[in-house]
Amino acid sequence: MSQGCSHLDTIRAVHPSARGCEECLKIGSRWLHLRVCRSCGHVGCCDESPHRHATAHYHASGHPIMEGYDPPEGWAWCYVDEIMFELGHNTTPRDGPIPRYY
Ligand SMILES: [Zn+2]
Ligand SMILES: [Zn+2]
Ligand SMILES: [Zn+2]
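The model shown is predicted, which means the values in this text are computed figures rather than measured ones. (Residues numbered from 1 in each chain as written. Chains lettered and ligands numbered in written order. Predicted model: local features only at pLDDT ≥ 70, side-chain atom pairs only at ≥ 80, totals over all residues. Heavy atoms only, no water.)

## As for the coordination of the zinc ion (ligand 1)
Six octahedral donors around a metal ideally subtend angles of 90 or 180 degrees, whereas four tetrahedral donors ideally subtend 109.5 degrees.
Link 1 in the chain: Bound to the zinc ion (ligand 1) on the protein side are Cys 5 (SG), His 7 (ND1), Cys 78 (SG) and Asp 81 (OD), at distances that span 2.0 to 2.4 Å.
Link 2 in the chain: Every donor counted, the four donor atoms about the zinc ion (ligand 1) form angles of 96 to 120° at the centre, which fits tetrahedral coordination.
Link 3 in the chain: Taken in chain order, the donor set of the zinc ion (ligand 1) reads C-x1-H-x70-C-x2-D. A residue pair is termed long-range when its members are at least 10 positions apart, and His 7 in the segment before α1 (22-27) and Asp 81 in the loop between β4 (75-78) and β5 (83-86) qualify at 74 residues. (Donors = N, O, S within 2.8 Å, 3.2 Å for Na, K, Ca; no water. Tetrahedral: all angles 85-135°; square planar, octahedral: opposite > 155°, others 65-115°. Helix = DSSP H or I, 4+ residues; strand = E, 2+ residues; numbered from the N terminus.)

## Quick look at the packing of aromatic side chains
Link 1 in the chain: Applying the stated criterion across every chain yields a total of two aromatic pairs.
Link 2 in the chain: On the numbers, 4.7 Å between centres and 5° between planes, the contact of Tyr 58 with Tyr 79 is stacked. Here Tyr 58, found in helix α2 (residues 53-61), pairs with Tyr 79, found in the loop between β4 and β5; they are 21 residues apart in sequence, far enough to count as distant. The exposure classification of Tyr 58 matches that of Tyr 79, with both residues buried. (Phe/Tyr/Trp six-rings, centres within 6.5 Å; stacked < 30°, edge-to-face > 60°. Buried < 20%, exposed > 50% of the residue type's maximum accessible area, 1.4 Å probe, protein only.)

## Remarks on the nonpolar core
Link 1 in the chain: Val 14, Cys 21, Cys 24, Trp 31, Leu 34, Val 36, Val 43, Cys 45, Tyr 69 and Ile 98 together form the largest nonpolar core, which totals ten residues.
Link 2 in the chain: Among the elements of the structure, β1 (34-37) and β2 (43-45) are those that each provide at least two residues to this core.
Link 3 in the chain: Apart from the residues lying within four places of it in its own chain, the contact partners of Val 36 are Val 14, Gly 41, His 42, Val 43, Ile 65, Met 66, Glu 67, Tyr 69 and Thr 92.
Link 4 in the chain: Cys 5, Ile 11, Cys 78 and Leu 87 belong to the second-largest nonpolar core, a separate cluster that totals seven residues. (Core = buried A, V, L, I, M, F, W, Y, C linked by side-chain atoms within 4.5 Å. Contact = heavy atoms within 4.5 Å.)

## Thoughts on the coordination of the zinc ion (ligand 2)
Link 1 in the chain: Taken together, the protein ligands of the zinc ion (ligand 2) are Cys 21 (SG), Cys 24 (SG), Cys 45 (SG) and His 53 (ND1), with distances of 2.0 to 2.3 Å.
Link 2 in the chain: Around the zinc ion (ligand 2) sit four donor atoms, and with donor-metal-donor angles ranging over 100 to 116° the site reads as tetrahedral.
Link 3 in the chain: Here the donor residues for the zinc ion (ligand 2) map to a single chain with the spacing C-x2-C-x20-C-x7-H. Of this pair, Cys 24 sits in helix α1 while His 53 sits in helix α2, and the two are 29 residues apart along the sequence. His 53 carries the same exposure label as Cys 24, and that label is buried.

## Some details on the pairing of β4
Link 1 in the chain: Alignment of strand β3 (residues 65-70) against β4, held across three bridges, turns out to be antiparallel. Looking at β4, one finds that Ile 65 is bridged to Cys 78.
Link 2 in the chain: Between β3 and β4, which pair antiparallel and follow one another directly, the connecting turn spans four residues, one of which, Gly 74, has a positive phi of 80°.
Link 3 in the chain: Relative to β5, β4 runs antiparallel, the two sharing four bridges. (Pairing = 2+ DSSP bridges.)

Next comes the structure, spelled out in structure tokens:
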């Protein structure tokens, strides 16, 4: 599946923590794209969003693998190895409608 990422065994089937970026929902902010953490299910916003909560989650938790979650993109990014790889069918399903602001 991937060359060069040594964290594939941390990828779990997770339940998304929120229908949108967890922190942005709390502060009433908006996001562009969403990432879901494949260690714990935290949903955060991407680096093109104002608050970059997915990256903040990596720095706070050390969880290495974030999936391109919404819109569904089918890949994951390892923050430690700085590598992107395809997930194939191993993606996280949305559990309900997610707002989009673009
Ligand atoms: Zn890795
Ligand atoms: Zn956010
Ligand atoms: Zn996490």
